[in-house]
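# Coordinate analysis (summary)
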Amino acid sequence: MQDQEFRLHERLAADTVSLGRTSLCEIRLMNDKTWPWVLLVPALVGIREIYELSPDQQHRLMRESSALSRGMMVAFGGDKMNVAALGNMVPQLHLHHIVRFEGDPAWPGPVWGKQPPVPYEEHELAEVRLSLATVLSEIAAC
């Protein structure tokens, strides 16, 4: 599989918006303004689980995830950060980072399947990008 080129899973491509890239991951914003929700997708062919990454890649992913989590909480002032790598619907390894608020539509349960996504308007996407600019720069340098 090493000679193949990385391609983002079609479901992730359809449901998310690109926020950039690190040396390891695609950074994708879930197109649902209900929750601040960003995914890190290691840009590696055939990887489904964290343990399949090399030790260096695992450490890089955790550094990027921690920096993203911290930056999202600062930017959005949530009550709880949910980080998950489920992969039941999309087998390509991806880590969800979701800022949660007490009293949000799914609180305290999981966000999946709670309600249909509410897509961002263009000006809202610009606001989210601006809110995340500092953390995106930080994780690109991890």
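Residues numbered from 1 in each chain as written. Predicted model: local features only at pLDDT ≥ 70, side-chain atom pairs only at ≥ 80, totals over all residues. Heavy atoms only, no water.

## Digging into the packing of helix α2 (residues 55-76) against helix α3 (residues 122-140)
Contact pair α2 / α3: the axes reach a minimum separation of 9 Å and the direction vectors enclose 150°. One element, α2, and the other, α3, form an angle in the roughly antiparallel class. For the pair α2 and α3, the sense of crossing is right-handed. Contacts from Glu64, Ala67, Leu68, Arg70, Gly71, Met72, Ala75 and Phe76 in α2 reach Val128, Ser131, Leu132, Val135, Glu138 and Ile139 in α3. (Axes fitted to C-alpha atoms, helices over the stretch in contact; angles between N-to-C directions. Helix = DSSP H or I, 4+ residues; strand = E, 2+ residues; numbered from the N terminus. Parallel < 35°, antiparallel > 145°, perpendicular 65-115°, else oblique. Left-handed = near helix turned anticlockwise from the far one by under 90°. Contact = heavy atoms within 4.5 Å.)

## Structural notes on α3
Compared with the 27 Å implied by 1.5 Å per residue over 19 residues, the 24 Å span of α3 between its first and last C-alpha is markedly short. In α3, a bend of some 55° at Ala133 exceeds every other bend along the element. Among the residues making up α3, those that are buried are Glu124, Leu125, Val128, Leu132, Val135, Leu136 and Ile139. Where α3 is buried, its residues touch β1 (16-21), β2 (25-30), β3 (37-42) and α2. (Expected span 1.5 Å × (residues − 1). Bend = angle between axes of the 7 residues up to and from the residue. Buried < 20%, exposed > 50% of the residue type's maximum accessible area, 1.4 Å probe, protein only.)

## With respect to the sheet that holds strand β4 (residues 80-84)
With antiparallel pairing, the five strands of this open sheet are ordered in space as β1-β2-β3-β5-β4. Taken across any chain shown, the strands that pair with only one partner, and hence form the sheet edges, are β1 and β4. Shown here is a sheet whose adjacent strand axes are inclined to one another by a mean of 25°, direction ignored. Alignment of β2 against β3, held across five bridges, turns out to be antiparallel. Across the sheet, Cys25 pairs through a bridge with Pro42, a residue of β3. (Pairing = 2+ DSSP bridges.)

## Comments concerning the side chain of Arg100
Along the chain, the position of Arg100 falls in strand β5 (residues 95-100). Within the structure, Arg100 has its side chain in polar contact with the side chain of Asn82 (distance 3.2 Å). In contact with Arg100, not counting residues within four places along its chain, are Trp35, Gly78, Asp79, Lys80, Asn82, Ala106, Trp107, Pro108, Gly109, Pro110 and Val111. (Polar contact = N/O pair within 3.5 Å; in protein donor to acceptor, adjacent residues only side chain to side chain.)

## A closer look at the pairing of β2
Within β2, six of the six residues are buried, leaving the element largely enclosed by the surrounding structure. Taken together, the five bridges between β1 and β2 define a ladder with antiparallel strand orientation. The partner of Val17 across the bridge, within β2, is Leu29. Hairpin connection, β1 to β2: the antiparallel pair is bridged by three residues. Between the end of β2 and the start of β3, which pair antiparallel, lie six residues.

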